[in-house]
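# Examination of the molecular architecture
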Amino acid sequence: WNERFWLPHNVTWADLAGEPGGGLQYPRAAHVLSAFPLALGIFAVRLLFERFIAKPCAINLGIQDSGPHRPQPNAILEKVFTSITKSPDGKRLEGLSKQLDWDVRKIQRWFRHRRNQDKPTTLTKFCESMWRFTFYLSIFFYGIRFLWTAPWFWDTRQCWYNYPFQPLTSRLYYYYILELAFYWSLMFSQFTDIKRKDFLIMFVHHLATIGLITFSYMNNMVRVGTLVLCLHDASDFLLEAAKLANYAKYQRLCDAFFMLFGVVFIVTRLGIYPFWILNTTLFESWELIGPYPSWWLFNGLLVTLQVLHVIWSYLIIRTASKALVRGKVSKDDRSDVESSSEEEDVTSNSTKGIFSTSSNGSNRLNGHVAGGQWTGEE
């Protein structure tokens, strides 16, 4: 908590303490602790929402609570699966084929079914996406409504005038802490939700986001922080809408939402973000307040997010290009359900649209928070 690290020159924590009884005049480090019980509350609300709102909606849309096809019981293969390997190589497959007098292809199919057995159902994925869609949409419109009357929304230099002595309003406080609590809930639930291949990159994304929200709050960079939050929320709900349409098998609607998501994502993350947000945090702030240690940390986290934006934008463009040029995606990269057989792979590969569905009806393309990243089949 060294003042020379966190605050500009000649500013102390005592200066930001505010007047006694003055309420939330300036941000305080202790305020971020309230995000943890709120995160637990958000997670509880999510469970209730998924059970009593999302699930009935899914059932009304004809989404069944049925999992992948289960393989026939076999003690030998089950022992290999649980104790040795879930994906046997060619040599082991030959040995099992001789031992069981089964065709190698039949054994491969058994292992595919067995791996899929532990995968979540389409209903589970629909409920998860509907919760995120509802939150992202709600918080985005709240942010737009709040920022519309904020002077720094129209002139980013207002983020730095008289910094750090910028009073904290109750609306700004609730907006910031709610976003922080939601990302903490995502961080925790990532270990219990559907496991995806981009787990590590999303873990880094959540860490960077939480770090940005926390650090910017502690040194009162909340004005520019609200711009970053609202900008990121602008595209996230569109991706969740595309996934919901995909689970409900409204393919054209799904494709339309995904294309719209891709356009909004690229415009906001590769256009507005670097030329509006990074411009003010790197150059306008340098001119008006000058750099100091936590300023470098804050901008380092913002640049880290921009690197992730470039990676995701490339993957979105690649996926969309395949859909436009070929009318299909040969393989949906972030699959969380494997095809049951090679024949089913061929069937799913011929499915048109940006999201394709395997023959067991489970989604094979499943984006996340800043999604659109699908990079190679398991």
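Within each chain, residues carry numbers counting from 1 in the order of the written sequence. The model is predicted, so local features are restricted to residues of pLDDT at least 70 and side-chain atom pairs to those at 80 or more, both for listing and for counting; the totals for chains, interfaces and linings are taken over all residues. Computation of side-chain values: all heavy atoms of the structure, hydrogens and water removed.

## Description of the packing of aromatic side chains
Two rings from Phe, Tyr or Trp (for Trp, the six-membered ring) form a pair when their centres are within 6.5 Å of each other. A pair whose planes differ by under 30 degrees is stacked, one over 60 is edge-to-face, and the rest are tilted. What the rule picks out here adds up to 33 aromatic pairs. Look at Phe140 and Phe141: their rings are 5.5 Å apart centre to centre, the planes differ by 65°, and that puts the pair in the edge-to-face class. An angle of 25° between the planes, with centres 5.6 Å apart, marks the rings of Trp184 and Phe188 as stacked. In this pair, Trp184 and Phe188 are both assigned in helix H8 (residues 170-189), 4 residues apart and thus about one turn of the helix distant. Grouping aromatic residues by their ring pairs yields a cluster made of Phe49, Trp131, Phe135, Tyr136, Phe182 and Tyr183. Over the ring of Trp102 we find Lys106; its NZ or CZ atom is 4.3 Å from the centre of that ring. Numbering of helices and strands runs from the N terminus, with a helix taken as a DSSP run of H or I at least four residues long and a strand as a DSSP run of E at least two residues long. Geometrically, a charge over a ring is one whose NZ (Lys) or CZ (Arg) sits within 6 Å of the ring centre while staying within 35 degrees of the ring normal.

## Regarding the packing of helix H6 (residues 122-148) against H8
The geometry of H6 relative to H8 is characterised by a closest axis approach of 11 Å and an angle of 160° between their N-to-C directions. Considering the angle they form, H6 stands roughly antiparallel to H8. For the pair H6 and H8, the sense of crossing is left-handed. Where H6 approaches H8, its residues Trp131, Arg132, Phe135, Tyr136, Ile139, Tyr142, Gly143, Arg145 and Phe146 are matched on the opposing element by Arg171, Leu172, Tyr175, Leu178, Glu179, Phe182 and Leu186. Axis definition: a line fit to C-alpha positions, over the contact stretch in the case of helices; interaxial angles, taken between N-to-C directions, run 0 to 180 degrees. Roughly parallel covers angles under 35 degrees, roughly antiparallel covers those over 145, roughly perpendicular covers 65 to 115, and oblique covers all other angles. Note: crossing handedness is left-handed where the near helix turns anticlockwise from the far helix by less than a right angle, and right-handed where it turns clockwise. Contacts: residue pairs with any heavy atoms within 4.5 Å of one another.

## With respect to the packing of helix H2 (residues 35-60) against H8
When two helices pack together, their arrangement is given by the angle between the helix axes and by the axis-to-axis distance. Interaxial distance between H2 and H8 falls to 8 Å at its minimum, and their mutual angle equals 65°. Here H2 lies roughly perpendicular to H8, going by the angle between them. Where H2 crosses over H8, the handedness of that crossing is right-handed. Contact residues: Ala35, Phe36, Leu38, Ala39, Ile42, Phe43 and Arg46 in H2; Ile177, Leu178, Leu180, Ala181, Phe182, Trp184, Ser185 and Ser189 in H8. Under the scheme applied, nonpolar residues are Ala, Val, Leu, Ile, Met, Phe, Trp, Tyr, Cys and Pro; charged residues are Asp, Glu, Lys and Arg; polar residues are all the others, including Gly. Looking at the contact of H2 with H8 residue by residue, the class counts come to 12 nonpolar, 2 polar and 1 charged.

## Points about the pattern of salt bridges
Think of a salt bridge as a Lys or Arg side-chain nitrogen and an Asp or Glu carboxyl oxygen that are within 4 Å of each other. If you walk through the whole model with that rule in mind, you get 6 salt bridges. Measuring nitrogen to oxygen at the nearest pair gives 2.6 Å for the salt bridge that ties Arg132 to Glu128. Highlighted residues: Arg132 and Glu128, both in helix H6, separated by 4 residues, approximately one helical turn. A relative accessible area of 1% places Arg132 in the buried class. Residue Arg269 pairs with Asp236 through a salt bridge whose shortest N-O separation is 3.4 Å. Of the two residues, Arg269 sits in helix H11 (residues 251-288) while Asp236 sits in helix H10 (residues 222-247), which places them 33 residues apart along the sequence. Each residue is placed in one exposure class: buried if its accessible area under a 1.4 Å probe, protein chains only, is under 20% of its type's maximum, exposed if it is over 50%, and partly exposed if it falls in between. By relative accessible area, Asp236 is classed as buried at 1%. Here the residues in one salt-bridge network are Glu128, Arg132, Glu240 and Lys243, joined through shared partners.

## Concerning the nonpolar core
The set of buried Ala, Val, Leu, Ile, Met, Phe, Trp, Tyr and Cys residues whose side-chain atoms join them within 4.5 Å is what this entry labels a nonpolar core. One finds Leu147, Trp152, Phe182, Met221 and Tyr273 to be the most contacted residues of the largest nonpolar core, which totals 82 residues. Of all the elements in the fold, those that place two or more residues in this core are H2, H6, helix H7 (151-154), H8, helix H9 (199-218), H10, H11 and helix H12 (293-326). Of all the elements, H10 adds the most residues to this core, at 14 residues. Those residues within four positions of Phe182 in sequence are excluded, and the remaining contacts are Ile42, Trp131, Phe135 and Tyr136. Grouped together as the second largest cluster of nonpolar side chains are 10 residues, Val80, Leu96, Leu100 and Ile107 included.

## Some remarks on unusual backbone geometry
For the bond running from Tyr163 to Pro164, omega is 5°, close enough to zero to count as cis. Topologically, Pro164 is positioned in the loop between H7 and H8. The backbone phi angle of Asn220 is positive, close to 60°, even though this residue is not glycine.

## Quick word on H10
With 26 residues, H10 should reach 38 Å at 1.5 Å per residue; the first-to-last C-alpha distance of 37 Å fits that figure. Across the 26 residues that make up H10, a large majority, 26, are buried. Two residues or fewer after H10 comes Lys249, characterised by a positive phi angle close to 65°. Working rule for helices: expected span equals 1.5 Å times residues minus one.

## Looking at the state of the cysteines
Two cysteine sulfurs form a disulfide in these notes if their separation is within 2.5 Å. By the definition in use, this model includes 0 disulfides. Free cysteine: Cys57, not disulfide-bonded; nearest cysteine sulfur from Cys127 at 8.8 Å. For Cys57, a relative accessible area of 30% translates into the label partly exposed.

## Description of the side chain of Ser216
Here Ser216 lies in helix H9. Ignoring any residue separated from it by four or fewer positions in sequence, one finds Ser216 in contact with Tyr176, Gly211, Met221, Val222 and Phe298.

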